[in-house]
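Residue strings, one per chain:
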Amino acid sequence: MAHTKTYNVAVVGASGAVGEEILRILEEIDFPLKRLIPLASSRSAGNTIEFQGNTITIKELTETVFTDESIDIALFSAGGSVSAKFAPCAASAGAVVIDNTSHFRMEDDIPLVVPEVNPEDIARWQQRGIIANPNCSTIQMVQALKPLDNAYDLIRVDVSTYQATSGAGKSAMEELVTQMQAFFAFKLDESEHQSFPHQIALNVIPQIDRFTENGYTKEEMKMVNETCKILHKEVELSATCVRVPTLRGHAESLTLTFDSQVTAHEARELLQKAPNIIIVDEITDNAYPMPATCVERNETFVGRIRNDIYRDNVLHLWVVADNLRVGAATNAVRIAQKWIEMEQEN
(Lines give C-alpha, C1' and ligand atoms only; values in the text may rest on other atoms or scores of the structure.)
Protein backbone atom coordinates (compact mmCIF):
# COMPACT_ATOMS: atom_id res chain seq x y z
CA MET A 1 0.00 0.00 0.00
CA ALA A 2 1.53 3.30 -1.07
CA HIS A 3 1.34 6.32 1.23
CA THR A 4 1.91 9.93 0.27
CA LYS A 5 2.18 11.18 3.84
CA THR A 6 3.71 9.86 7.04
CA TYR A 7 2.59 10.55 10.61
CA ASN A 8 4.03 11.13 14.07
CA VAL A 9 2.32 8.56 16.29
CA ALA A 10 2.22 8.61 20.08
CA VAL A 11 1.41 5.47 22.06
CA VAL A 12 0.19 6.47 25.50
CA GLY A 13 0.69 3.62 27.94
CA ALA A 14 3.47 2.13 25.82
CA SER A 15 4.68 -0.10 28.66
CA GLY A 16 1.27 -1.67 29.34
CA ALA A 17 -0.15 -4.89 27.89
CA VAL A 18 -2.21 -3.18 25.17
CA GLY A 19 0.47 -0.59 24.47
CA GLU A 20 3.00 -3.34 23.84
CA GLU A 21 0.60 -5.00 21.38
CA ILE A 22 0.08 -1.72 19.54
CA LEU A 23 3.85 -1.43 19.09
CA ARG A 24 4.07 -5.00 17.77
CA ILE A 25 1.26 -4.39 15.28
CA LEU A 26 2.81 -1.14 14.06
CA GLU A 27 5.98 -3.12 13.38
CA GLU A 28 4.12 -5.84 11.49
CA ILE A 29 2.05 -3.76 9.08
CA ASP A 30 2.65 -1.19 6.38
CA PHE A 31 1.80 1.81 8.56
CA PRO A 32 2.85 5.26 7.27
CA LEU A 33 4.92 6.02 10.34
CA LYS A 34 7.18 9.05 10.35
CA ARG A 35 8.16 8.88 14.00
CA LEU A 36 7.05 6.83 17.02
CA ILE A 37 6.78 8.55 20.39
CA PRO A 38 6.12 6.13 23.29
CA LEU A 39 4.60 7.90 26.30
CA ALA A 40 3.97 6.75 29.85
CA SER A 41 3.82 8.04 33.41
CA SER A 42 6.84 9.49 35.17
CA ARG A 43 7.46 6.04 36.70
CA SER A 44 8.11 4.48 33.29
CA ALA A 45 9.56 7.53 31.54
CA GLY A 46 13.25 7.02 30.76
CA ASN A 47 12.83 3.31 30.14
CA THR A 48 13.40 2.10 26.61
CA ILE A 49 11.59 -0.02 24.04
CA GLU A 50 12.85 -1.79 20.94
CA PHE A 51 11.05 -0.83 17.76
CA GLN A 52 12.02 -1.69 14.19
CA GLY A 53 15.58 -2.41 15.27
CA ASN A 54 15.95 0.85 17.18
CA THR A 55 16.03 1.64 20.88
CA ILE A 56 13.54 4.39 21.73
CA THR A 57 13.27 6.14 25.10
CA ILE A 58 9.82 6.40 26.65
CA LYS A 59 8.90 10.03 27.25
CA GLU A 60 6.82 11.31 30.14
CA LEU A 61 3.17 11.98 29.39
CA THR A 62 2.50 15.67 29.98
CA GLU A 63 -0.12 18.17 28.87
CA THR A 64 2.30 19.78 26.41
CA VAL A 65 4.08 16.77 24.93
CA PHE A 66 1.62 16.45 22.05
CA THR A 67 2.46 19.96 20.86
CA ASP A 68 6.17 19.62 21.64
CA GLU A 69 6.43 16.40 19.60
CA SER A 70 4.03 17.47 16.80
CA ILE A 71 1.82 14.41 17.30
CA ASP A 72 -0.61 13.56 14.48
CA ILE A 73 -2.15 10.38 15.95
CA ALA A 74 -2.36 9.54 19.67
CA LEU A 75 -3.23 5.98 20.65
CA PHE A 76 -4.30 5.92 24.31
CA SER A 77 -4.29 2.76 26.44
CA ALA A 78 -3.29 3.91 29.91
CA GLY A 79 -6.57 3.91 31.83
CA GLY A 80 -9.69 6.05 31.96
CA SER A 81 -8.38 8.72 34.33
CA VAL A 82 -5.31 9.25 32.14
CA SER A 83 -7.46 9.58 29.02
CA ALA A 84 -9.83 11.96 30.80
CA LYS A 85 -6.95 14.30 31.65
CA PHE A 86 -4.67 14.03 28.62
CA ALA A 87 -6.82 13.06 25.61
CA PRO A 88 -8.34 16.58 25.37
CA CYS A 89 -4.78 17.99 25.46
CA ALA A 90 -3.79 15.81 22.54
CA ALA A 91 -6.92 16.76 20.60
CA SER A 92 -6.34 20.46 21.31
CA ALA A 93 -2.82 20.06 19.94
CA GLY A 94 -4.32 18.87 16.65
CA ALA A 95 -3.88 15.12 17.04
CA VAL A 96 -6.61 12.60 16.40
CA VAL A 97 -7.04 10.60 19.61
CA ILE A 98 -7.97 6.92 19.48
CA ASP A 99 -8.86 5.97 23.03
CA ASN A 100 -8.93 2.39 24.31
CA THR A 101 -10.57 3.17 27.64
CA SER A 102 -14.27 3.33 28.49
CA HIS A 103 -14.13 7.02 29.43
CA PHE A 104 -15.49 8.54 26.20
CA ARG A 105 -17.39 5.62 24.66
CA MET A 106 -20.94 6.63 25.38
CA GLU A 107 -20.58 10.38 24.83
CA ASP A 108 -22.90 11.44 22.00
CA ASP A 109 -20.36 13.60 20.17
CA ILE A 110 -17.60 10.97 20.16
CA PRO A 111 -17.78 8.13 17.62
CA LEU A 112 -17.47 4.56 18.88
CA VAL A 113 -15.94 2.57 16.06
CA VAL A 114 -15.26 -0.95 14.84
CA PRO A 115 -13.93 -0.39 11.30
CA GLU A 116 -15.51 -3.57 9.90
CA VAL A 117 -18.91 -2.46 11.22
CA ASN A 118 -19.32 1.34 11.23
CA PRO A 119 -16.30 2.97 9.53
CA GLU A 120 -18.44 5.88 8.38
CA ASP A 121 -18.61 7.12 11.99
CA ILE A 122 -14.90 7.98 11.89
CA ALA A 123 -15.84 11.07 9.87
CA ARG A 124 -17.30 12.55 13.08
CA TRP A 125 -13.90 12.62 14.79
CA GLN A 126 -13.49 16.37 14.35
CA GLN A 127 -16.32 17.15 16.78
CA ARG A 128 -14.03 16.44 19.74
CA GLY A 129 -10.87 15.15 18.09
CA ILE A 130 -11.44 11.79 19.76
CA ILE A 131 -12.51 8.35 18.49
CA ALA A 132 -13.40 5.72 21.10
CA ASN A 133 -12.40 2.07 20.91
CA PRO A 134 -15.16 -0.24 22.20
CA ASN A 135 -14.89 -2.82 24.95
CA CYS A 136 -12.92 -5.94 23.98
CA SER A 137 -15.90 -8.28 24.30
CA THR A 138 -18.09 -5.93 22.26
CA ILE A 139 -15.66 -5.63 19.34
CA GLN A 140 -15.42 -9.31 18.45
CA MET A 141 -19.16 -9.77 18.93
CA VAL A 142 -20.32 -6.94 16.67
CA GLN A 143 -17.94 -8.08 13.94
CA ALA A 144 -20.01 -11.26 13.77
CA LEU A 145 -23.34 -9.52 14.32
CA LYS A 146 -23.09 -6.95 11.53
CA PRO A 147 -23.33 -9.17 8.41
CA LEU A 148 -26.10 -11.23 10.01
CA ASP A 149 -28.03 -8.12 11.06
CA ASN A 150 -27.81 -6.80 7.50
CA ALA A 151 -29.29 -10.02 6.16
CA TYR A 152 -31.86 -11.02 8.74
CA ASP A 153 -32.57 -7.96 10.97
CA LEU A 154 -31.23 -8.74 14.43
CA ILE A 155 -33.68 -8.13 17.26
CA ARG A 156 -32.08 -9.82 20.30
CA VAL A 157 -28.71 -11.10 21.52
CA ASP A 158 -28.08 -13.37 24.49
CA VAL A 159 -24.37 -13.71 25.18
CA SER A 160 -22.18 -15.41 27.76
CA THR A 161 -18.51 -14.49 27.72
CA TYR A 162 -15.44 -16.43 28.82
CA GLN A 163 -12.87 -13.68 29.31
CA ALA A 164 -9.15 -14.12 29.84
CA THR A 165 -7.23 -12.60 32.72
CA SER A 166 -5.29 -10.26 30.40
CA GLY A 167 -8.51 -8.26 30.10
CA ALA A 168 -7.74 -7.04 33.61
CA GLY A 169 -4.11 -6.15 32.83
CA LYS A 170 -0.63 -7.50 33.38
CA SER A 171 -1.00 -7.86 37.15
CA ALA A 172 -4.08 -10.02 36.65
CA MET A 173 -2.18 -12.36 34.35
CA GLU A 174 0.61 -12.56 36.91
CA GLU A 175 -1.92 -13.37 39.63
CA LEU A 176 -3.18 -16.38 37.66
CA VAL A 177 0.36 -17.64 37.09
CA THR A 178 1.29 -17.13 40.75
CA GLN A 179 -1.80 -18.99 41.94
CA MET A 180 -1.13 -21.90 39.57
CA GLN A 181 2.44 -22.11 40.86
CA ALA A 182 1.06 -22.12 44.40
CA PHE A 183 -1.35 -24.92 43.46
CA PHE A 184 1.46 -27.15 42.20
CA ALA A 185 3.43 -26.35 45.35
CA PHE A 186 0.37 -27.36 47.44
CA LYS A 187 0.13 -23.81 48.78
CA LEU A 188 -2.85 -22.42 46.87
CA ASP A 189 -4.78 -21.67 50.06
CA GLU A 190 -1.98 -19.23 50.99
CA SER A 191 -2.23 -17.37 47.66
CA GLU A 192 -3.73 -13.92 47.82
CA HIS A 193 -6.07 -12.42 45.26
CA GLN A 194 -6.03 -8.72 44.44
CA SER A 195 -6.99 -8.41 40.78
CA PHE A 196 -10.20 -10.41 41.17
CA PRO A 197 -12.82 -10.78 43.93
CA HIS A 198 -11.96 -14.49 44.27
CA GLN A 199 -9.22 -16.97 43.43
CA ILE A 200 -8.96 -17.22 39.63
CA ALA A 201 -6.78 -20.33 39.31
CA LEU A 202 -8.88 -23.45 38.68
CA ASN A 203 -12.00 -21.31 38.98
CA VAL A 204 -14.43 -19.19 36.96
CA ILE A 205 -15.83 -15.93 38.31
CA PRO A 206 -19.24 -14.72 37.03
CA GLN A 207 -18.36 -11.10 37.71
CA ILE A 208 -16.32 -8.61 35.67
CA ASP A 209 -16.29 -5.08 37.10
CA ARG A 210 -18.78 -3.83 39.68
CA PHE A 211 -22.45 -4.72 39.90
CA THR A 212 -25.01 -2.06 39.00
CA GLU A 213 -28.47 -1.48 40.45
CA ASN A 214 -30.16 -3.72 37.85
CA GLY A 215 -28.07 -6.76 38.84
CA TYR A 216 -25.84 -6.62 35.76
CA THR A 217 -22.16 -5.74 36.02
CA LYS A 218 -20.64 -2.67 34.38
CA GLU A 219 -18.92 -4.96 31.85
CA GLU A 220 -22.26 -6.49 30.89
CA MET A 221 -23.89 -3.10 30.51
CA LYS A 222 -20.99 -1.94 28.34
CA MET A 223 -21.87 -4.70 25.89
CA VAL A 224 -25.54 -3.66 25.95
CA ASN A 225 -24.99 0.05 25.41
CA GLU A 226 -22.00 -0.11 23.07
CA THR A 227 -23.65 -2.61 20.72
CA CYS A 228 -26.64 -0.36 20.18
CA LYS A 229 -24.42 2.67 19.56
CA ILE A 230 -22.19 0.85 17.06
CA LEU A 231 -25.04 -0.81 15.15
CA HIS A 232 -27.17 2.37 15.22
CA LYS A 233 -30.25 0.44 16.35
CA GLU A 234 -31.91 -0.67 19.54
CA VAL A 235 -31.17 -4.37 19.99
CA GLU A 236 -32.31 -6.31 23.03
CA LEU A 237 -29.18 -7.72 24.63
CA SER A 238 -28.52 -9.69 27.78
CA ALA A 239 -24.94 -10.51 28.77
CA THR A 240 -23.32 -12.65 31.43
CA CYS A 241 -19.61 -11.89 31.58
CA VAL A 242 -17.37 -14.49 33.18
CA ARG A 243 -13.65 -14.37 33.99
CA VAL A 244 -11.89 -17.67 33.27
CA PRO A 245 -8.35 -18.88 34.12
CA THR A 246 -6.76 -18.33 30.71
CA LEU A 247 -4.14 -15.72 29.84
CA ARG A 248 -5.27 -14.43 26.43
CA GLY A 249 -8.27 -14.78 24.16
CA HIS A 250 -11.92 -14.05 24.94
CA ALA A 251 -14.62 -16.53 23.92
CA GLU A 252 -18.34 -15.84 23.59
CA SER A 253 -21.41 -18.01 23.24
CA LEU A 254 -24.06 -16.14 21.25
CA THR A 255 -27.77 -16.81 20.81
CA LEU A 256 -29.15 -14.50 18.14
CA THR A 257 -32.81 -13.83 17.44
CA PHE A 258 -33.78 -12.30 14.09
CA ASP A 259 -36.89 -10.82 12.58
CA SER A 260 -36.78 -13.36 9.77
CA GLN A 261 -35.89 -17.01 9.21
CA VAL A 262 -32.19 -17.83 9.27
CA THR A 263 -30.27 -20.95 8.28
CA ALA A 264 -26.88 -21.97 9.60
CA HIS A 265 -25.63 -22.66 6.06
CA GLU A 266 -26.49 -19.17 4.80
CA ALA A 267 -25.15 -17.55 7.96
CA ARG A 268 -21.87 -19.42 7.56
CA GLU A 269 -21.54 -18.19 3.97
CA LEU A 270 -22.21 -14.59 5.02
CA LEU A 271 -19.65 -14.74 7.79
CA GLN A 272 -17.04 -16.26 5.48
CA LYS A 273 -17.32 -13.17 3.28
CA ALA A 274 -17.15 -10.73 6.20
CA PRO A 275 -13.88 -8.82 6.72
CA ASN A 276 -11.38 -10.21 9.24
CA ILE A 277 -13.56 -13.18 10.19
CA ILE A 278 -12.33 -16.77 9.88
CA ILE A 279 -14.73 -19.70 10.09
CA VAL A 280 -13.50 -22.74 12.01
CA ASP A 281 -16.50 -25.05 12.05
CA GLU A 282 -15.71 -28.66 11.09
CA ILE A 283 -17.30 -30.61 13.90
CA THR A 284 -16.42 -33.98 12.32
CA ASP A 285 -12.78 -33.06 12.96
CA ASN A 286 -13.45 -31.43 16.33
CA ALA A 287 -12.49 -28.11 14.74
CA TYR A 288 -13.81 -24.96 16.40
CA PRO A 289 -12.27 -21.70 17.66
CA MET A 290 -10.41 -21.73 20.96
CA PRO A 291 -8.47 -19.04 22.83
CA ALA A 292 -5.25 -21.06 22.58
CA THR A 293 -5.38 -20.94 18.77
CA CYS A 294 -6.22 -17.24 18.38
CA VAL A 295 -3.34 -15.70 20.35
CA GLU A 296 -1.45 -13.00 18.43
CA ARG A 297 -3.92 -13.24 15.56
CA ASN A 298 -5.71 -10.19 14.18
CA GLU A 299 -8.83 -12.03 13.04
CA THR A 300 -12.04 -13.02 14.81
CA PHE A 301 -12.83 -16.73 14.71
CA VAL A 302 -16.37 -18.10 14.49
CA GLY A 303 -17.61 -21.67 14.86
CA ARG A 304 -20.32 -23.94 16.28
CA ILE A 305 -22.77 -22.22 13.92
CA ARG A 306 -26.11 -23.99 14.27
CA ASN A 307 -29.82 -23.43 14.07
CA ASP A 308 -31.98 -23.41 17.13
CA ILE A 309 -33.83 -26.69 17.66
CA TYR A 310 -37.19 -25.00 18.23
CA ARG A 311 -37.26 -21.66 16.40
CA ASP A 312 -36.32 -20.95 12.78
CA ASN A 313 -35.35 -17.33 13.52
CA VAL A 314 -32.75 -18.19 16.17
CA LEU A 315 -29.07 -18.96 15.54
CA HIS A 316 -26.30 -20.07 17.89
CA LEU A 317 -22.58 -19.49 17.41
CA TRP A 318 -19.24 -19.33 19.18
CA VAL A 319 -16.86 -16.39 18.72
CA VAL A 320 -13.21 -16.19 19.82
CA ALA A 321 -10.57 -13.48 19.43
CA ASP A 322 -7.34 -12.29 21.01
CA ASN A 323 -8.61 -9.61 23.39
CA LEU A 324 -5.31 -7.71 23.47
CA ARG A 325 -5.26 -7.54 19.67
CA VAL A 326 -8.74 -7.67 18.09
CA GLY A 327 -10.30 -6.46 21.34
CA ALA A 328 -7.98 -3.49 21.73
CA ALA A 329 -4.71 -2.87 19.86
CA THR A 330 -5.66 -4.17 16.41
CA ASN A 331 -8.96 -2.32 16.41
CA ALA A 332 -7.22 0.91 17.45
CA VAL A 333 -4.63 0.61 14.69
CA ARG A 334 -7.33 -0.24 12.13
CA ILE A 335 -9.20 2.91 13.16
CA ALA A 336 -6.00 4.88 12.59
CA GLN A 337 -5.53 3.25 9.18
CA LYS A 338 -9.10 4.04 8.18
CA TRP A 339 -8.75 7.61 9.44
CA ILE A 340 -5.60 8.03 7.33
CA GLU A 341 -7.42 6.61 4.29
CA MET A 342 -10.30 9.06 4.75
CA GLU A 343 -7.95 12.01 5.35
CA GLN A 344 -5.96 11.28 2.23
CA GLU A 345 -9.15 11.03 0.16
CA ASN A 346 -10.19 14.54 1.24
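Here, every reference points to the structure presented above.
Participant: Got a minute to help me understand helix H3 (residues 80–92) in this structure?
Facilitator: Turn by turn, an α-helix covers 3.6 residues, leaving residues three or four places apart pointing in a common direction. In a regular helix each residue adds 1.5 Å, so 13 residues correspond to 18 Å; H3 covers 18 Å between its end C-alpha atoms and thus fits that length. Of all bends in H3, the biggest is about 35°, found at Phe86, and the proline Pro88 comes one to four residues later. Among all positions of H3, only Ser83, Phe86, Ala87, Cys89, Ala90 and Ala91 are buried. Looking at the buried positions of H3, the neighbouring elements they touch are helix H2 (65–68), strand E6 (73–76), strand E7 (96–99) and strand E8 (130–132).

Participant: Can you help me understand the side chain of Arg248 in this one?
Facilitator: With respect to the element layout, Arg248 can be found in the loop between strand E10 (236–243) and strand E11 (250–258). Since its relative accessible area comes to 14%, Arg248 is described here as buried. A polar atom in the side chain of Arg248 sits 3.1 Å from the side chain of Glu21. At a separation of 2.6 Å, a polar atom in the side chain of Arg248 contacts the side chain of Asp322. Excluding its chain neighbours within four sequence positions, the residues that come into contact with Arg248 are Glu21, Ala164, Ser166, Met173, Pro291, Val295, Glu296, Asp322, Asn323, Leu324 and Arg325.

Participant: I keep staring at the sheet that holds E10 and nothing clicks. Help me out?
Facilitator: Note on sheets: strands pair through backbone hydrogen bonds, and any given pair is parallel or antiparallel. Here six strands make up an open sheet; going across it, the order is E10-E9-E11-E14-E13-E12 and the pairing mixed. Unpaired on one side and paired on the other, E10 and strand E12 (277–279) mark the two borders of the sheet. When strand polarity is set aside, the average angle formed by the axes of neighbouring strands in this sheet is 20°. Across five bridges, the pairing between strand E13 (residues 300–307) and strand E14 (residues 314–321) is antiparallel. Residue pairing across strands places Val302 opposite Val319, the latter belonging to E14. Relative to the sheet, helix H4 (residues 136–152) contacts strand E9 (154–163), E10, E11, E12, E13 and E14, its axis offset from that of E11 by approximately 25°.

Participant: What's the story with the packing of aromatic side chains in this structure? I'm lost.
Facilitator: Two aromatic rings are characterised by how far apart their centres lie and by the angle between their planes. According to the stated counting rule, one finds six aromatic pairs in the structure shown. Where Tyr152 meets Phe258, the ring centres are 5.5 Å apart and the plane angle is 65°; that geometry is what we call edge-to-face. Remark: Phe258 occurs in strand E11 and Tyr152 occurs in helix H4; sequence separation between them is 106 residues. We note that Tyr152, like Phe258, is buried. Here Phe183 and Phe184 contribute two aromatic rings whose centre-to-centre distance is 5.1 Å and whose plane-to-plane angle is 75°, an arrangement assigned as edge-to-face. Note on Phe183: relative accessible area 35%, which makes it partly exposed.

Participant: Explain the pattern of salt bridges to me, please; I cannot follow it from the model alone.
Facilitator: As a working rule, side chains carrying opposite charge can pair if their charged atoms are close by. The full count for this structure, using the stated rule, is 21 salt bridges. Across the pair Arg105 and Glu226 runs a salt bridge, and its minimum N-O distance is 3.2 Å. Of this pair, Arg105 sits in the loop between E7 and E8 while Glu226 sits in helix H6 (residues 218–231); the two residues are 121 residues apart in sequence, bridging distant segments of the chain. Residues Arg105 and Glu226 agree in their burial class; the two are buried. Here Glu299 makes a salt bridge to Arg297, at a shortest N to O gap of 3.0 Å. What makes Glu299 partly exposed here is its relative accessible area of 21%. Each of Glu21, Arg24, Glu28, Arg248, Asp322 and Arg325 takes part in one network of salt bridges that share partners.

Participant: What's the story with unusual backbone geometry in this structure? I'm lost.
Facilitator: We note that Gln52 has phi near 50°; this positive angle belongs to a residue other than glycine. Relative to the elements of secondary structure, Gln52 occurs in the loop between strand E3 (48–51) and strand E4 (54–57). Positive phi values are uncommon outside glycine, yet Asn276 reaches one of about 60°. You can see Asn276 is positioned in the loop between helix H7 (264–273) and E12.

Participant: Sorry, what's going on with the state of the cysteines here?
Facilitator: Think of a disulfide as a covalent bridge from one cysteine sulfur atom to another cysteine sulfur atom. Going through the model one piece at a time under the given rule, you end up with zero disulfides. The thiol of Cys228 is unpaired, and the distance to the nearest cysteine sulfur, on Cys241, comes to 15 Å.

Procedures and definitions
- Residues numbered from 1 in each chain as written.
- Predicted model: local features only at pLDDT ≥ 70, side-chain atom pairs only at ≥ 80, totals over all residues.
- Heavy atoms only, no water.
- Helix = DSSP H or I, 4+ residues; strand = E, 2+ residues; numbered from the N terminus.
- Expected span 1.5 Å × (residues − 1).
- Bend = angle between axes of the 7 residues up to and from the residue.
- Buried < 20%, exposed > 50% of the residue type's maximum accessible area, 1.4 Å probe, protein only.
- Contact = heavy atoms within 4.5 Å.
- Polar contact = N/O pair within 3.5 Å; in protein donor to acceptor, adjacent residues only side chain to side chain.
- Pairing = 2+ DSSP bridges.
- Axes fitted to C-alpha atoms, helices over the stretch in contact; angles between N-to-C directions.
- Phe/Tyr/Trp six-rings, centres within 6.5 Å; stacked < 30°, edge-to-face > 60°.
- Salt bridge = Lys/Arg side-chain N within 4 Å of Asp/Glu carboxyl O.
- Disulfide = S-S within 2.5 Å.

Worth remembering: the numbers are spatial, not functional.
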